[in-house]
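# Structural characterization, general
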Amino acid sequence: MITKDLERLCIDTIRMLAVDAVECARSGHPGMPMGAAPMAYVLWTEFMRHNPSDPNWFNRDRFVLSAGHGSMLLYALLHLTGYDLPLDEIKKFRQWGSKTPGHPEYGSTPGVETTTGPLGQGFGNGVGMAIAEAHLSARFNREEATIIDHYTYGIVSDGDLMEGISHEAASLAGHLGLGKLIYLWDDNQITIDGDLALCSSENIQGRFAAYNWQVIPSVDGTDLEAIRNALWEAKECQDHPSLICVRTTIGFGSPNKAGTAASHGAPLGQEEVTLTKQSQGWKTDSQFFVPPEVRTAMDNISSGMEHQKEWVSRRSLYQKLYPAELAELEAIREKTLPAGWSEALSELSVDSAMATRAASGQALNLLLDKVPGLIGGSADLTGSNKTKGKVQNVFTCQQKSGTYLYYGVREHAMAAISNGLALHGGLRPYCATFLVFSDYMRPSIRLSALMGIPVIYIFTHDSIGTGEDGPTHQGIEQIMSLRAIPNLVVFRPADANETRYVWREAIRRKDGPSALILTRQGVPSITDNMDQVAYGAYVVTKESASEPQVIFIGTGSELQYATAAAPILEAEGIPTRVVSMPSWELFAAQSKSYREKILPKSVSVRVAVEAAVSLGWDRYASHMVCLDRFGASAPGNVLFEQFGFTAEHVAEVARDAILGA
């Protein structure tokens, strides 16, 4: 039996592991784990259904530490409840090669569901996980056989709730009635700069009530019974997400630093550590001490084997009754693509002047019938982004089996939610907006690349071709800034043919996100050798002689100007090659011999043609027809001509380069 004294001992163990780890690393955030340990203990040992021996059990409850700076809280819980995180890893907190990095990292530590630290991201991820659970349960559960049934829990901080992304994500979560989403707010009233009153006086409870959340106020963060009651109350509410407002003291137990910013983001200091341990009745002559009775109690409490065994029994019944449905669920969990799935893309009808966003919409519509688990939406630009399939139902509060999400004007939350959908498993998310608004999404895009999860980002209206909306809506620097993100594969197809095969490559990707950069305006059909799209760059128009004197490298809608300039030079006796480069990243991944074959070093005049900043093009080109300024408001065709995107100007740049060589 777990006595109150033993419960306190378990909680103090969590606190002191955090204190010692931060002190040993000489960096970190001890205050949050010290204050939040009681609520985390109750949640993990009494409410969470999880199995430390099988961290990827599909029907486990998900836990998100959105306040990722308090990572030692999570690491202590994982260690004490039996995950594969030995004490030696706790001792290596924040050190090279450890499983305990400064902020939780998905894929580095068993039991960590998402990478957090940039505040607000975990809040949005949790909303995505809750949407995934709601969708999959509505889609696959049957009255006599339930196979998907779990909660998403999280601990969020004052900082998380200040970030704009939390406003966006909370608003949508309340609108969608995500009743299995429960967040505990670590209300400690402290930021790095000092008291929260320095920067905030808002009514958090009123705000979340307005978002259509159940708000459970005034929970004492040291009262385990109050925390239990609040969690039960939250679980009983099935039609609203819940925010449990837990008042805590940052740095709890520290005689001189509790309740102050001094305990937030720095070690307590050895003298204060000793005083803290003395005040808590803890051993002062050793680090990383775990009382034997705590280890026994936490191991016994946290055993999730029974939960999983019961689920396995339900799964067996489900398999007998619904074998086809289970096979489909398993396929999307494993990201298995059915045989012949990409053949559907051959049905895409191409006209002579199709916008690549339109071709993308057709390709997606075809893939929705062939690729299990595709789910996505747009940030209030569905018609412009071409992202809703003809037979796609909408995910709503009343109908959660739908696979289309109307995100509203919430770009940042949309991206973080998409990450959560992917992290949950069983789904392949995509999301869309105009290219220029990718800036609002960048933190989430960066994290999907860091985590290596296959979110597909669709960015339309990709250049000055957007036209009359003017420079505020014309992406100039965004393409190159996206190419700068490691592990993000950026695709900029030149026409409808390339677009369909860009979709093929994006669907094939399992270890990272993809960004599709698409035109508003129609573009001519130029390409046809689509197998080479997978190589990132290939020859579209071959030179007349044995070796070119000029190579044009075009992307997206500007490839047409390169292909139109080549005959001008050829007529002047200048052998000219045209290369389409839909993906820098895929081209860079090819063998040295292939890259040399496409862009031989012997050809010194290489002209890049792209209606975006020239920064970075010196990697492949000697000269650029690019756009190192903002656009303007006018019809797109006028802008291209005014800014020098014509066959004649492209040819002139190459001609001048040859003369100057």
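As the structure is a prediction and not an experimental result, all values here were calculated from the model.

### Structural notes on the overall build of the chain
The helix and strand inventory of the chain stands at 24 helices and 20 strands. Over its C-alpha trace the chain gives a radius of gyration of 28 Å, about what one expects of a compact globule, namely 26 Å for 661 residues. Taken along the three principal axes of its C-alpha coordinates, the chain extends 90 × 60 × 45 Å. For the chain, buried positions account for 61% of its 661 residues. For the chain, the proportion of contacts with a sequence separation of at least 24, taken over those separated by at least 6, is 77%.

### Notes on the side chain of E558
Here E558 shows up in the loop between strand 17 (550-554) and helix 20 (559-571). In this structure the side chain of E558 is engaged in a polar contact, spanning 2.8 Å, whose partner is the backbone nitrogen of A611. Setting aside its immediate chain neighbours within four residues, E558 contacts R492, V609, E610, A611, F640 and F645.

### Regarding the layout of surface pockets
Its volume calculated, the largest pocket comes out at about 460 Å³. Along its surface, the largest pocket is lined by 24 residues, and N56, R60, Y106, L423 and H424 are the ones closest to its centre. Of the residues forming the lining of the largest pocket, the biggest block, three residues, is contributed by helix 16 (residues 411-424). Grouping the constituent residues of the lining of the largest pocket by class yields nine nonpolar, eight polar and seven charged.

### Things to note about the sheet that holds strand 19 (residues 606-609)
Taken together, five strands build an open sheet; the order of strands is 16-18-17-19-20 and the sheet is mixed. The open sheet has two edge strands, strand 16 (538-541) and strand 20 (623-625), and neither has a second partner. Across the sheet, the mean angle separating the axes of adjacent strands is 30° when strand polarity is ignored. Bridge count between strand 19 and strand 20: three bridges; the pairing is parallel. Looking across to strand 20, one finds that V609 is bridged to V625.

### Description of the packing of aromatic side chains
Under the counting rule described, the total for this entry stands at 25 aromatic pairs. Where W44 meets Y83, the ring centres are 6.1 Å apart and the plane angle is 65°; that geometry is what we call edge-to-face. Of this pair, W44 sits in helix 2 (residues 31-47) while Y83 sits in the loop between helix 3 (71-80) and helix 4 (87-91); the two residues are 39 residues apart in sequence, bridging distant segments of the chain. Neither W44 nor Y83 differs from the other in exposure class; each is buried.

### Observations regarding the sheet that holds strand 7 (residues 242-247)
Through backbone hydrogen bonds, the strands of a sheet pair up, either in parallel or in antiparallel fashion. One open sheet holds the five strands; their spatial order is 1-2-3-7-6, and the pairing between them is parallel. Strand pairing shows two members of the sheet lacking a second neighbour, strand 1 (62-65) and strand 6 (214-220), which therefore form its edges. With direction set aside, neighbouring strand axes in the sheet form an average angle of 15°. Bridge analysis of strand 1 against strand 2 (residues 152-157) gives four bridges, and the strand direction is parallel. From the neighbouring strand, L65 faces strand 2, where its bridge partner is I155.

### Comments concerning helix 12 (residues 305-321)
Under the 1.5 Å per step criterion, the end-to-end length of helix 12 is 24 Å for 17 residues, consistent within 8% with the ideal 24 Å. Buried residues in helix 12 make contact with helix 5 (121-140) and helix 13 (323-333).

### A look at the environment of T274
On the secondary structure map, T274 appears in helix 10 (residues 270-279). Looking at T274, the relative accessible area reads 26%, which means it is partly exposed.

### Let's talk about the pattern of salt bridges
Under the definition given, this model contains 32 salt bridges. For E133, the salt bridge is made with K180, and the minimal N-O distance between the two is 3.3 Å. Here E133, found in helix 5, pairs with K180, found in the loop between helix 7 (164-176) and strand 3 (181-187); they are 47 residues apart in sequence, far enough to count as distant. Owing to a relative accessible area of 3%, E133 belongs among the buried residues under this scheme. K180 gets classed as buried once you look at its relative accessible area, which sits at 17%.

Basis of the calculations
Residues numbered from 1 in each chain as written. Predicted model: local features only at pLDDT ≥ 70, side-chain atom pairs only at ≥ 80, totals over all residues. Heavy atoms only, no water. Helix = DSSP H or I, 4+ residues; strand = E, 2+ residues; numbered from the N terminus. Rg over C-alpha atoms; globule rule 2.2 N^0.38 Å. Buried < 20%, exposed > 50% of the residue type's maximum accessible area, 1.4 Å probe, protein only. Contact = heavy atoms within 4.5 Å. Polar contact = N/O pair within 3.5 Å; in protein donor to acceptor, adjacent residues only side chain to side chain. 1 Å grid on protein atoms, 1.4 Å probe; cavity = no way out; pocket = protein on both sides within 12 Å on 5 of 7 lines; lining within 4 Å. Points joined across faces, edges and corners; volume = space filled by probe spheres on them. Nonpolar A, V, L, I, M, F, W, Y, C, P; charged D, E, K, R; others polar. Pairing = 2+ DSSP bridges. Axes fitted to C-alpha atoms, helices over the stretch in contact; angles between N-to-C directions. Phe/Tyr/Trp six-rings, centres within 6.5 Å; stacked < 30°, edge-to-face > 60°. Expected span 1.5 Å × (residues − 1). Salt bridge = Lys/Arg side-chain N within 4 Å of Asp/Glu carboxyl O.

From the geometry alone we can't say anything about function, so treat these as descriptive.
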